[in-house]
Structure formats: C-alpha cells, structure tokens
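Now for the letters of each chain:
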Amino acid sequence: MVSNKTVLPNGLRIVTIPMADSLTATVLVLVEAGSEYETSNINGLSHFLEHMCFKGTTKRPKAIDISSELDGIGAAYNAFTSGEVTGYYAKAEYKHLDKILDIVSDISLNPVFDPKEIDKERGVIIEEINSYEDMPPRRVHEIFNTLLYGDQPAGWDIGGRKEIIKELKREDFLAYRDKRYVAPQTLVIVAGRFNEEATINKIKNLLGNMRGGE
C-alpha cells in the first residue's frame, strides 16, 4: 500500500492511498483546529463547531439534507475533535466516492451556523459532557491532563466547560472558523478504490479555492 502527497498552490495537502482490491472508498478531512488552539473564553468551541457542521450548509441547509444523502448510499460517517485536530469523514462503496467527497468537503467548508440550531445543540453538548463525567476512565484522563498541564489549553477539557458552552454566540463560531479553517491547516485523505489522478482533480475543483492563511 503506497501513499502519495500533493500540495495545492493554496497550501492544502492531499494524501491519496489507492487500494485496487478495496470495495470501498473513504474521505477524511482533517483541520488543525482543536482545544489546544482555544482561549479560555471559548474553551469547547472546536468540538461545538464540529457538531454544527452537520446541522446545515449553504448547499444543504438542514441536517436532514446531509444525513439523508449519506444514509441513502449506505455510508458510514462521523466526526471527531481532539486537542490538535478536528476530523470529518465518510466511507461508502467506491462507486459513491464523488458523492462522499462532495458532502465531506461541503460540511467542512460551508456550514451556516444557524443560531436556532446552535441553541438546540447546546443541550446536546452539555449532555455529552455530563456523560463523559460518568465515565471514570475518561474522566481520570481529563483530570490527569489538568494536573499535568495546568490552566492552559493543553490542560483544558476538549468538550469545554458547561458555563462557556451556554454563552457561545454565532459570531464566536465565525471568527474561530475564519482563523483556523484555512487551506494550509487542512489535510484531505482519500483511501480505497479510486482513480488517483481524477480524484485529485476533483479535490482541486472542490477545495482549490479554499482561503489561504498563516
């Protein structure tokens, strides 16, 4: 299995991993936007923003528009946030690669951050934090990081603090995304069965105009 790396003029990195015998294809978009890039007044925003990317885009205004397309082709999809990165991915039968590439690119590039959806999702985020507090192995890890790193980004919980989640505004999402979701901080990985040259060209068409930045 061989991987190849391509860097677009705007700084976007593409890693392709062709697997000729695979029955599936996977698209993963990784952005250098995690809790370690936050400030104390927006702790938890990276994770909250990840949730909001599935709540509607300019092309697919409602959450059901996104999920119905992915469910309709039997795709497995999700997202995750860590201290250093946020990732969005989908995996489906290889013939649906164009579809999942379009959708994953869309949710990472064009979220609308509807204020009503933000307010709805606050409760979901807070309940997620509550559930983690009831998981001793995970909670011990979070407490250990706080003791190890102290009151600075590496020592904060990825999910954030509930009192901050309750106060985050649409403007906070827009400002953070404008700073972190830029081409040089984004990596697109495609693995499975696909035509490498054609797929790179499709990524160029979808993400080649993504804004650059430092």
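Asker: Can you walk me through the side chain of Glu 121 in this structure?
Answerer: With respect to the helices, strands and loops of the structure, Glu 121 is situated in helix α4 (residues 115-133). One polar contact links Glu 121 to His 51, side chain to side chain, over a distance of 2.9 Å. In this view, Glu 121 contacts Phe 48, His 51, Met 52 and Lys 55; residues no more than four positions away in its chain are not counted.

Asker: I tried to follow the environment of Gly 212 on my own but got confused; where do I start?
Answerer: Along the chain, Gly 212 turns up in the segment after α8 (196-207). The residues contacting Gly 212, other than those within four sequence positions of it, are Asn 10, Val 182, Ala 183 and Pro 184.

Asker: Looking at this structure, how should I read helix α2 (residues 63-72)?
Answerer: Residues three or four positions apart in an α-helix share a direction because the helix packs 3.6 residues into each turn. Within α2, the full set of buried residues consists of Ile 66, Ser 67 and Leu 70. Down the axis of α2, the sector holding all buried residues measures 90°, keeping them to one side. Along α2, exposed side chains directed more than 90 degrees from the buried face belong to Ile 64 and Gly 72. In the segment just after α2, Gly 74 is the residue with positive phi, at about 70°.

Asker: Help me understand the packing of aromatic side chains in this model?
Answerer: For any pair of aromatic rings, geometry is given as the distance between the ring centres together with the angle between the planes. In total, this model carries four aromatic pairs according to the counting rule given. Between the aromatic rings of Phe 54 and Tyr 88, the centroid separation amounts to 6.3 Å while the plane-to-plane angle is 40°, which identifies the pairing as tilted. Of this pair, Phe 54 sits in the loop between α1 (45-52) and α2 while Tyr 88 sits in strand β5 (residues 86-93), and the two are 34 residues apart along the sequence. For the pair Phe 113 and Phe 173, a centre-to-centre distance of 5.4 Å together with 40° between the ring planes defines the contact as tilted. A residue pair is termed long-range when its members are at least 10 positions apart, and Phe 113 in the loop between α3 (97-109) and α4 and Phe 173 in helix α7 (residues 170-180) qualify at 60 residues. Each member of the pair, Phe 113 as well as Phe 173, is classed as buried. Every member of this aromatic cluster is reached through a ring pair, and the members are Phe 48, Phe 113 and Phe 173. Note that Arg 180 overlies the ring of Tyr 37, its terminal NZ or CZ placed 3.8 Å from the centroid.

Parameters at a glance
Residues numbered from 1 in each chain as written. Predicted model: local features only at pLDDT ≥ 70, side-chain atom pairs only at ≥ 80, totals over all residues. Heavy atoms only, no water. Helix = DSSP H or I, 4+ residues; strand = E, 2+ residues; numbered from the N terminus. Polar contact = N/O pair within 3.5 Å; in protein donor to acceptor, adjacent residues only side chain to side chain. Contact = heavy atoms within 4.5 Å. Buried < 20%, exposed > 50% of the residue type's maximum accessible area, 1.4 Å probe, protein only. Arc of directions from axis to C-beta. Phe/Tyr/Trp six-rings, centres within 6.5 Å; stacked < 30°, edge-to-face > 60°. Lys NZ or Arg CZ within 6 Å of the ring centre and 35° of its normal.

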